[in-house]
Amino acid sequence: MKIAVRLDDITPGMDWKKFTAFAGLLDEFGIKPLIGVVPDNRDENLNRDAFREDFWEAVRKRQKEGWVVAQHGCYHVYTQHKGGVFPLNDFSEFAGVPYQEQLAMLEHGKEILAGHGITTNLFMAPAHSYDRNTLRALKQAGFKGLTDGFGSGPYLRQGLIFYPISFRLENSFKKDKGFTTMVVHTNTLSGRDMEKYRKILQEQNVISYEEYLLEKPAKRTAAGNIREYMLAAVKHMLVKFM
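Computed from a prediction, not measured in an experiment: that's the story for all the values here.

A word on the pattern of salt bridges. Applying the stated rule across the entire model yields 10 salt bridges. Between Lys 2 and Glu 211 there is a salt bridge whose closest N-O contact spans 2.9 Å. Placement of the pair is Lys 2 in strand S1 (residues 2-10) and Glu 211 in helix H7 (residues 209-214), with a sequence separation of 209 residues. In this structure, the salt-bridge partner of Glu 65 is Arg 62, at a minimum N-O distance of 3.0 Å.

Here's what the structure looks like:
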């Protein structure tokens, strides 16, 4: 199975030491990830380091090098206790919010990124939480796809292309065919995590995210949507009670 990499919670105040270390590891193996950039971060939990004044310049540089940028929410503030149609968590910035408010946040975030010279048509939902109104609003705001869902490759749903993440990464290693995404939060990386990811990059078929985007999406049936919802709900329960 081909495994792409996504990095969540990219902000001016992230843990730069850990981010730089992981970026260096990816550079060593020639892997270009997807990065989720928060347009206007207001989540104090993501402020781990001194704000870098050259943050937006650094994002633009990486995008020119082939890293793919996704808009990671708008403010990254959880205001709802909702899991939406992909209930990995029971809190959200978007799921449960009225359609017009969601659309306004998406457009506001997009304007902020554009103001810093960054364009993208990919979305990364904070906490993986989104609902049907989110998907409607994404399409209206000009987004083409989002990084979430479960499956063995990209699929179409409600006029958008989904690029699935891994349900359980260890199981993905055992599969010969298909695509998935390894989700990494650099803010919380430990030394042991770095050793684990180095081993993965050495031993597994890890690809740059651009290759994932070239894969033709399949049509997703209603049964597939139901199965995905159930898998997400089960994973949420397993994680909650572990």
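Having seen it, we continue.
So, on to helix H6 (residues 191-203). Every α-helix carries 3.6 residues per turn, so stepping three or four residues along brings you back to the same face. The terminal C-alpha atoms of H6, which comprises 13 residues, lie 19 Å apart, in line with the 18 Å expected from a rise of 1.5 Å per residue. The set of residues buried in H6 consists of Tyr 197, Ile 200 and Leu 201. Buried positions in H6, seen along its axis, are confined to an arc of 95 degrees and lie on one side of it. Away from the buried face of H6 by more than 90 degrees, exposed residues Arg 192, Glu 195, Gln 202 and Glu 203 are located. Residues of H6 that are buried make contact with helix H1 (16-29), helix H5 (169-173) and strand S8 (179-184).

The subject of this paragraph is the packing of helix H3 (residues 99-115) against helix H4 (residues 132-140). Where H3 contacts H4, the axes come no closer than 9 Å and their chain directions differ by 45 degrees. Compared by their axis directions, H3 and H4 come out oblique. H4 is crossed by H3, and the crossing has right-handed handedness. Only Asn 133, Thr 134, Arg 136, Ala 137, Leu 138 and Gln 140 of H4 make contact with H3, whose side of the interface consists of Tyr 99, Gln 102, Leu 103 and Leu 106. Among the residues making up the contact of H3 with H4, the classes are represented as five nonpolar, four polar and one charged.

Before going further, it helps to examine the packing of H1 against H6. Running from N to C, H1 and H6 point in directions that differ by 15 degrees, and their axes come no closer than 11 Å. With respect to H6, the element H1 is oriented roughly parallel. In the crossing of H1 with H6, the sense of the turn from one axis to the other is right-handed. Taken together, the residues of H6 that come into contact with H1 (itself represented by Ala 21, Phe 22, Leu 25, Leu 26, Glu 28 and Phe 29) are Met 194, Tyr 197, Arg 198, Leu 201 and Gln 202. In terms of residue class, the contact of H1 with H6 is built from eight nonpolar, one polar and two charged.

As a further point, take the pairing of strand S3 (residues 68-72). Counted residue by residue, S3 has five buried out of five residues, so it is predominantly covered. Residue alternation in S3 divides its side chains into two sets, Val 68, Ala 70 and His 72 and Val 69 and Gln 71, and both sets are buried. With four bridges joining them, strand S2 (residues 34-37) and S3 adopt parallel strand pairing. What sits directly across from Leu 34, in S3, is Val 68. Handedness of the crossover is the feature at issue here: the chain leaves S2, passes through helix H2 (residues 55-64), returns alongside S3, and the resulting connection is right-handed. Sheet topology places S3 next to strand S4 (residues 122-124); two bridges connect them, and they run parallel. Bridge pairing links His 72 to Met 124 in S4. For the handedness criterion, the β-α-β arrangement of S3, H3 and S4 is classed as right-handed.

Moving on, we come to the sheet that holds S1. Pairing in this open sheet of nine strands is mixed, and the strands run S8-S1-S2-S3-S4-S5-S7-S6-S9 from one edge to the other. Edge positions in the sheet fall to S8 and strand S9 (218-219), since each of these pairs with one other strand and no more. Pairing geometry for strand S5 (residues 145-146) and strand S7 (residues 160-162), over two bridges, is parallel. In the sheet register, Leu 146 faces S7, and the bridge partner there is Phe 162. Packed onto the sheet, H2 meets S1, S2 and S3 and runs at close to 155 degrees relative to S2.

With the rule as written, the count across this model stands at 17 aromatic pairs. Between Tyr 209 and Tyr 212 the ring centres are 5.3 Å apart and the planes differ by 70 degrees, which places this aromatic pair in the edge-to-face class. Taken together, the residues span about one helical turn, with Tyr 209 and Tyr 212 both in helix H7 at a distance of three residues. Like Tyr 212, Tyr 209 is buried. Above the face of the Phe 143 ring, Lys 110 is positioned so that its terminal group lies 4.6 Å from the ring centre.

Calculation notes
- Residues numbered from 1 in each chain as written.
- Predicted model: local features only at pLDDT ≥ 70, side-chain atom pairs only at ≥ 80, totals over all residues.
- Heavy atoms only, no water.
- Salt bridge = Lys/Arg side-chain N within 4 Å of Asp/Glu carboxyl O.
- Helix = DSSP H or I, 4+ residues; strand = E, 2+ residues; numbered from the N terminus.
- Expected span 1.5 Å × (residues − 1).
- Buried < 20%, exposed > 50% of the residue type's maximum accessible area, 1.4 Å probe, protein only.
- Arc of directions from axis to C-beta.
- Contact = heavy atoms within 4.5 Å.
- Axes fitted to C-alpha atoms, helices over the stretch in contact; angles between N-to-C directions.
- Parallel < 35°, antiparallel > 145°, perpendicular 65-115°, else oblique.
- Left-handed = near helix turned anticlockwise from the far one by under 90°.
- Nonpolar A, V, L, I, M, F, W, Y, C, P; charged D, E, K, R; others polar.
- Pairing = 2+ DSSP bridges.
- Right-handed = clockwise from strand over helix to strand, strands pointing away.
- Phe/Tyr/Trp six-rings, centres within 6.5 Å; stacked < 30°, edge-to-face > 60°.
- Lys NZ or Arg CZ within 6 Å of the ring centre and 35° of its normal.

These figures capture arrangement, not role.
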